[in-house]
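# Fold and contact review
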Amino acid sequence: METRINIQEKGQSALKPLFGIGAYLKKSAVEETLLELVYFRVSQINGCAYCLDMHSKDLRAKGETEQRLYGLSAWHEAPYYTVRERAALAWAEALTKCDVPDSVYNEVKGQFSEQDLIDLTLAITTINTWNRINLAFPFGVGTYQVGQFGG
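A brief look at the structure comes next.

What counts, and at which threshold
Residues numbered from 1 in each chain as written. Predicted model: local features only at pLDDT ≥ 70, side-chain atom pairs only at ≥ 80, totals over all residues. Heavy atoms only, no water. Helix = DSSP H or I, 4+ residues; strand = E, 2+ residues; numbered from the N terminus. Expected span 1.5 Å × (residues − 1). Buried < 20%, exposed > 50% of the residue type's maximum accessible area, 1.4 Å probe, protein only. Contact = heavy atoms within 4.5 Å. Phe/Tyr/Trp six-rings, centres within 6.5 Å; stacked < 30°, edge-to-face > 60°. Axes fitted to C-alpha atoms, helices over the stretch in contact; angles between N-to-C directions. Left-handed = near helix turned anticlockwise from the far one by under 90°. Nonpolar A, V, L, I, M, F, W, Y, C, P; charged D, E, K, R; others polar.

## Some words on helix H3 (residues 32–46)
- Counted at 1.5 Å a residue, the expected span for H3 with its 15 residues is 21 Å, and the 21 Å between its end C-alpha atoms agrees.
- A large share of H3 lies buried, amounting to 11 of its 15 residues.
- All of the buried residues along H3 are Leu34, Leu35, Glu36, Leu37, Val38, Tyr39, Phe40, Arg41, Val42, Ser43 and Asn46.
- Check the buried side of H3 and you find it contacts helix H2 (12–26), helix H4 (49–61), helix H5 (66–71), helix H6 (83–96) and helix H8 (114–136).
- Two residues or fewer after H3 comes Gly47, characterised by a positive phi angle close to 70 degrees.

## Looking at the packing of aromatic side chains
- Applying the stated criterion across every chain yields a total of 3 aromatic pairs.
- Ring centres 5.9 Å apart and planes at 50 degrees place the aromatic pair Trp91 and Tyr105 in the tilted group. In this pair, Trp91 is assigned in helix H6 and Tyr105 in helix H7 (residues 102–109), connecting sequence segments 14 residues apart.
- We classify Trp91 as buried; its relative accessible area is 7%.

## A look at the side chain of Arg86
- With respect to the secondary-structure elements, Arg86 resides in helix H6.
- Arg86 has contacts with Trp75, His76, Ala78, Pro79, Tyr80, Tyr81 and Glu107, leaving out every residue within four places of it along the chain.

## Concerning the packing of H6 against H7
- Packing of H6 against H7 leaves a shortest axis separation of 8 Å and a crossing angle of 145 degrees. Handedness of the crossing formed by H6 with H7: left-handed. The segment H6 lies against H7, with Arg86, Ala87, Ala88, Ala90, Trp91 and Ala94 engaging Val104, Tyr105, Glu107 and Val108.
- Looking at the contact of H6 with H7 residue by residue, the class counts come to 8 nonpolar, no polar and 2 charged.

## Points about the environment of Asp116
- One can find Asp116 in helix H8.
- Counting along the chain gives 85 residues from Asp116 to Glu31, while the straight-line C-alpha distance between them is 9.7 Å.
- The contact partners of Asp116, leaving out residues within four places of it in the chain, are Ala29, Val30 and Arg84.

Here it is as structure tokens:
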């Protein structure tokens, strides 16, 4: 592959608002491990190797099991995700695929407060942005260290 722009080096001004959103979400009432699961699932859908590496490492560091990580792409059939996690994952998939039926909205609305749903939506749209940036300007897949970006 041709060398592309080093976004980490050249794009700090552009990336700064995204880091700010991440800092906001860390203070959100939505559980950090749930957000990480959502980040991992969206990154699976989008095929972002850097983000998959990052979020799998962060999830493991937070105590996530291998079984739940490996089963995440089949969460619909796997029995080890909570009702709240299932609602968040359905919402994440719907937003990522740009197909948000009322049934999914009603499911997620039943599990999250209005503010939490806004924050969850912001988290999903932000990881989609990060995925696309990392696909456009690939950066050191496999090099992420837990806590590298304050995580």
